[in-house]
Every structure is written in structure tokens, then in C-alpha cells.
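One letter stands for each residue in the lines below.
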Amino acid sequence: MNRDTTNNILFVDMDGTLFKSDLLFESLIWLLRNDLLTLLFQVPFWLLQGKAKFKQNLANRVSLDIETQPLSEQFTDYIKREVERGRRAVLISASHESVVRKASAHLDIFIDAIGTDGITNLKGDAKLQHILHLCGPQPFSYAGNSKDDIPIWLAADEIICVNTSPSVIRKIKRKTESKILEFDSPNNPWKTFIRSLRPHQWLKNSLIFLPLILSHQLLSFKALLNTSVGFISFCFVASAVYLLNDLIDIENDRNHPEKIKRPFASGNLSLTWGVITVPILLLTGFAVGHTLGNQFMKALLIYWLLTVFYSFFLKRFFLLDALILSVLYGLRIVIGSAAINVDTTSWLLNFTLSLFLGLAFLKRYVELSNQRKLGNTRFIGRGYHIKDLRLISCLGVISNLISVVIFGFYITAGETAQLYENFELLWIINLIIAGLLLRTWRLAYSGRIQEDPVLFVLSDRFSQIASVMCGALIWLAI
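The residue numbering used here restarts from 1 in each chain and proceeds along that chain's sequence as written. Local features are withheld for residues below a pLDDT of 70 in this predicted model, meaning they are given only at 70 or higher, and side-chain atom pairs are given and counted only at 80 or more; totals for whole chains, interfaces and linings count all residues. Computation of side-chain values covers all heavy atoms of the structure but excludes hydrogens and water.

Peer 1: Summarise the overall build of the protein; cite the residues concerned and give the values.
Peer 2: When you go through the protein residue by residue, the secondary structure sums to 23 helices and 6 strands. By its C-alpha atoms, the protein is 90 × 50 × 45 Å across when sized along the principal axes. Looking at the protein as a whole, 53% of its 478 residues are labelled buried. By the convention used here, residues are in contact when the closest approach between their heavy atoms is within 4.5 Å. Relative to all contacts within the protein whose residues are 6 or more apart in sequence, the contacts with residues 24 or more apart total 65%. All accessibility values rest on the Shrake-Rupley procedure with a 1.4 Å probe; residue burial counts only the protein chains present in the view. When the accessible area of the protein is evaluated, it comes to approximately 23,100 Å², of which 61% is carbon and sulfur surface. Taken as two groups, the 48 positive and 39 negative side-chain charges of the protein have centres that lie 2 Å from each other. Secondary structure elements follow DSSP: runs of H or I of four or more residues count as helices, runs of E of two or more count as strands, with numbering from the N terminus. Per-residue accessibility, obtained with a 1.4 Å probe over protein chains only, is compared with the maximum for each type, and a residue is labelled buried under 20%, exposed over 50%, and partly exposed between these values. Counting rule applied: Lys, Arg positive; Asp, Glu negative; His and chain ends not counted. Every charge is mapped to an atom, namely NZ of Lys, CZ of Arg, CG of Asp or CD of Glu.

Below, the structure written as C-alpha cells:
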């Protein structure tokens, strides 16, 4: 027979329960992004002082944006309904009390907020003893999410599981026959993790195959195998970079209309997945790439270092971030050349840099246009303002036109006639490229491109047909 729990005080955990994310990990990531010296040289000494003191020092140094934290929506609605009925709710967490109070003040639905105080780490049995001290002989309800909450659930009159894994729920059921209320059941973490690797972005990495095609080695099994190995190696490293970037940029992503849906920003994937898998992916990528020799490894290392500097610092600088993005695309070409031991021509590099510089400006143009639709005056996390739209548009179009001009000069160069028997067909390719670029900018002006124009070009049916035509023309021109 179910008990009437209407008068029970509802004690609510914060990290992973009320909020989907873990504020302890977010605080460490905040230090990684904003105060690296403290993370490297002070945090280890804080840990030696014990968990409670560690959390106090962390709370004093870090300033998290509580208002953008992803809520467990089903459960939050449940609490609000219960409070409207007159039920009392208390927020109680192992996070530092200053952070817990800030969260409570933001939501304004709790009668009290209790957290770790610098002496006692309010987790597991310590949290249970504190609840029992507050309630005395009166029954209580408890909402949590992790295996550390099991002792509290077993002592509670009402068990509420929020964002709780099936394995933890099975453990509870083995120890009690009490009814369990479940809210915000978590997604399959493996599926979410695969999505966080951004496999759709691997389309960009197909640029690695361009040197193979342009060096006329497409039918060489060894060259094709080496390029494929290089592609796999690069995808591992690129995904490690994507994960790191999503961890570092998590607060900015939560202020973005589209990026807020990313696994870490939305709270659908635990930050521990990123912390653990970033080094694993990175080491795997370099281990695979090691089979292709030193030149490939050097180019891959330069790419990784540049992306790390971009993620931490360079993406905040006006115009410089677009230049770095174009260089990163150019490095894909260099890495593809290194995989098959051919030199990257200055023609190809100059064409690639100007082409992708224009597309990088196009990406910023689209992002700023979206921010303007939302009523914002600037792009949070970047050095751009809405007033920069016209300048960015002009720079982008000019850069893309320069790429078309460079291709034209390449066609008329003496060495081109030696490489291509029917080099005149390359003019048709140049016209197709010019047409694609003009079409892409026109679609961006009309608001029909969202976020990444490179992905749009790679996934757009019209662009795909044009790319196949260009490939066929190259084959005919050889």
C-alpha cells in the first residue's frame, strides 16, 4: 500500500539531479579555460587538504553561470507542482554551499539550500546523517541520481530517481520493494558519445584525399591505403579536438541557439566521458599516424597544437580566428600530401587558403546573422559584433574571388600543361567552383544556410553533383 508523502520534506540533490551536469567538473573546466596556472599549481595542493576544503577553495576561485545550467525538465516541473500544493523542498548537495545557495536563489522553489561547508563533504552517509538530523523521526523524500545516493534512498519514505542509470535503479530494487518514481531517464550514453565525436564533420577530412587525386595516384593501392590510414588517424585527432573544444566552450554553447543542443552543453552526456576519452582518442590517432612516417606525424602534431591554441585563445580574436580556420583546412591538404610523400604545391596551398578563408568568413556571417535574429548585438565567445556583418561579407566574397583568380593563373601556368593533356577542361572546373561559391553566398544572404557552410557544401545535393562533375573533368583532363 502506498504511503501518503504529501507532508514529507522533499530533499533534492543538485549535480546530476536538479542539474544534468556536474558543477565540480564544470568548475575544473572553467579553470582550464580561464585560470590554467591555478589548475596546474594550486588545485593539487587543495586536494591534499581534503574534499571539503578543496570544494571551498574551488568555489572561491570559480564563477559559473548557474542560470544556463541544463535542468532536468520533467523533474523540475514535478517540484514546482509539489511546491504549489504546499510541499516543502530543500536543495541539498555535495557541492559547496555558496554554489548551492546560488542555484536555489535562481530557481526560487526551495525553502533552504544546504551544501558542503569547507569542513564536511556532504555526500553519501554524511548527507544522510544531515537529513536525519533535520527531520528527526519524521519521514522524508529524496531525489538523487547516483549510486552514492543509495543509502539515502533506502532510508527515505519516498524514492525519486532522476537522470539515473538503469544499473543503479536495479541495485535499488534489489534492496527494497518500495515504489520508485523516475524522471528524465538518461539517453543511451554510447549513442550520445558517438554523436559528440561529430562524425558528420569527418566529411571535411576528405580533403586529405585531394593530393592523392591531384598527383594522379588514385589507382595506386599503396598510396590509397596510406591516405586511408591518414584519414583514420586524422579523424581520431579531430574528434579529440572537437570534444576538447566542446568542454572548453560549454558556457558559450549554452548561450547559442544551436550549439546548446550539443551533448555536453545540454547535459545529455557526462563531462567525465570527455575528460577520459580526449587523451585516448588523441593517443590512438597519433599511434595510427605513426605508421606513415615522421613527415605525417609532424604535420598532424602542428594541426593538433594549432587547434588547441585556437580553442583556448585564438578564436576570441577578430578576423584572426577566420585566418586560423583557413590554415587548418590547408593543413588537411599538407597532411594528405605527407601520407603519400608528395610535395604540396604553392598553387594548391594558396588556392585552398583563400577558398577556405572566404568560407570561414561566410561561417561568421551566418552566425552573426543568427545572433541578430535573436536580438543580440554581439557573438558571445568571439570577437565579433553585429556591426561587423558588412565587413565580414566583403572580406569573404573577396577571398573567394581571389581563390577563383588563383585557379585561373594555375590553369595558364606552364607546369599545368605538363600535368594535364587536356588542361583546357580545368576552366570548366573553375567556372563550376565560382558558381558554387556565388550560390553559397546567395543562400547565406537569404538565411538558408545554418552555421557551417563547408558542411553545407559537402552535404548539399547540388554541390555534390557539381563535385562529381569536377572529379570527372579532372579525370578527362589527365
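Peer 1: Can you lay out the pattern of salt bridges for me, pointing to particular residues and giving the numbers?
Peer 2: Whenever Lys or Arg places a side-chain nitrogen within 4 Å of a carboxyl oxygen from Asp or Glu, that contact is recorded as a salt bridge. Taken as a whole, this structure holds 17 salt bridges when the rule is applied. With a shortest N-O distance of 2.9 Å, R87 and E82 are connected by a salt bridge. By relative accessible area, R87 is classed as buried at 7%. For E82, a relative accessible area of 9% corresponds to the buried category. Three or more residues joined by partner-sharing salt bridges are found here, namely E82, R85, R87 and E158.

Peer 1: Describe in detail the sheet that holds strand β3 (residues 112-116), supporting the description with residues and values.
Peer 2: By definition, two strands form a pair when at least two bridges between them are found by DSSP. The 6 strands are arranged β3-β2-β1-β4-β5-β6 in an open sheet whose pairing can be described as parallel. Two strands lie at the open edges of the sheet, namely β3 and β6 (180-183), each paired on one side alone. Shown here is a sheet whose adjacent strand axes are inclined to one another by a mean of 20 degrees, direction ignored. Across 3 bridges, the pairing between strand β1 (residues 9-12) and strand β2 (residues 89-96) is parallel. Each bridged residue has a counterpart across the sheet, and for L10 the counterpart in β2 is A89. Sheet strands in contact with helix α6 (residues 97-107) are β2 and β3, and its direction is about 145 degrees off that of β2. Here an axis means a line fitted to C-alpha atoms, over the contact stretch when the element is a helix, while the angle between two N-to-C directions is reported on a 0 to 180 degree scale. Contacting β1, β2, β3 and β4 (140-144), helix α7 (residues 125-135) runs over the sheet at an angle of about 150 degrees to β4.

Peer 1: Describe in detail the packing of helix α1 (residues 23-34) against helix α4 (residues 51-61), supporting the description with residues and values.
Peer 2: Contact geometry for α1 and α4: axes closest at 10 Å, N-to-C directions at 50 degrees. Classified by the angle their axes make, α1 and α4 are oblique. Where α1 crosses over α4, the handedness of that crossing is left-handed. From α1, L24, S27, L28, W30 and L31 reach across to α4, where they touch F54, L58 and R61. Residue polarity follows a fixed list, in which Ala, Val, Leu, Ile, Met, Phe, Trp, Tyr, Cys and Pro are nonpolar, Asp, Glu, Lys and Arg are charged, and the others, Gly among them, are polar. Classifying every residue of the contact of α1 with α4 gives 6 nonpolar, 1 polar and 1 charged. By the definition adopted for this analysis, an angle is roughly parallel if under 35 degrees, roughly antiparallel if over 145, roughly perpendicular if from 65 to 115, and oblique otherwise. Crossing handedness follows the turn of the near helix against the far one: under a right angle anticlockwise gives a left-handed crossing, and clockwise gives a right-handed one.

Peer 1: So what's going on with the packing of aromatic side chains? Residues and values would help.
Peer 2: Put simply, two rings from Phe, Tyr or Trp (the six-membered ring, in Trp's case) pair if the centres are within 6.5 Å, and we call them stacked under 30 degrees between planes, edge-to-face over 60, tilted for the rest. Enumeration over the complete set of coordinates arrives at 19 aromatic pairs. Here Y78 and F183 contribute two aromatic rings whose centre-to-centre distance is 4.8 Å and whose plane-to-plane angle is 35 degrees, an arrangement assigned as tilted. Here Y78, found in helix α5 (residues 73-84), pairs with F183, found in strand β6; they are 105 residues apart in sequence, far enough to count as distant. Y78 gets classed as buried once you look at its relative accessible area, which sits at 9%. Members of the aromatic cluster, joined through ring pairs, are W347, F351, F407 and Y410.

Peer 1: Go over the nonpolar core, please, and point to the residues and values.
Peer 2: Judged by nonpolar contacts, the single largest core of 81 residues is most densely connected at Y303, I335, F407, L426 and I429. If you tally residues by element for this core, the top one is helix α18 (residues 346-373), at 12 residues. As used here, the term nonpolar core means buried Ala, Val, Leu, Ile, Met, Phe, Trp, Tyr and Cys residues forming a set that is joined through side-chain atoms within 4.5 Å.

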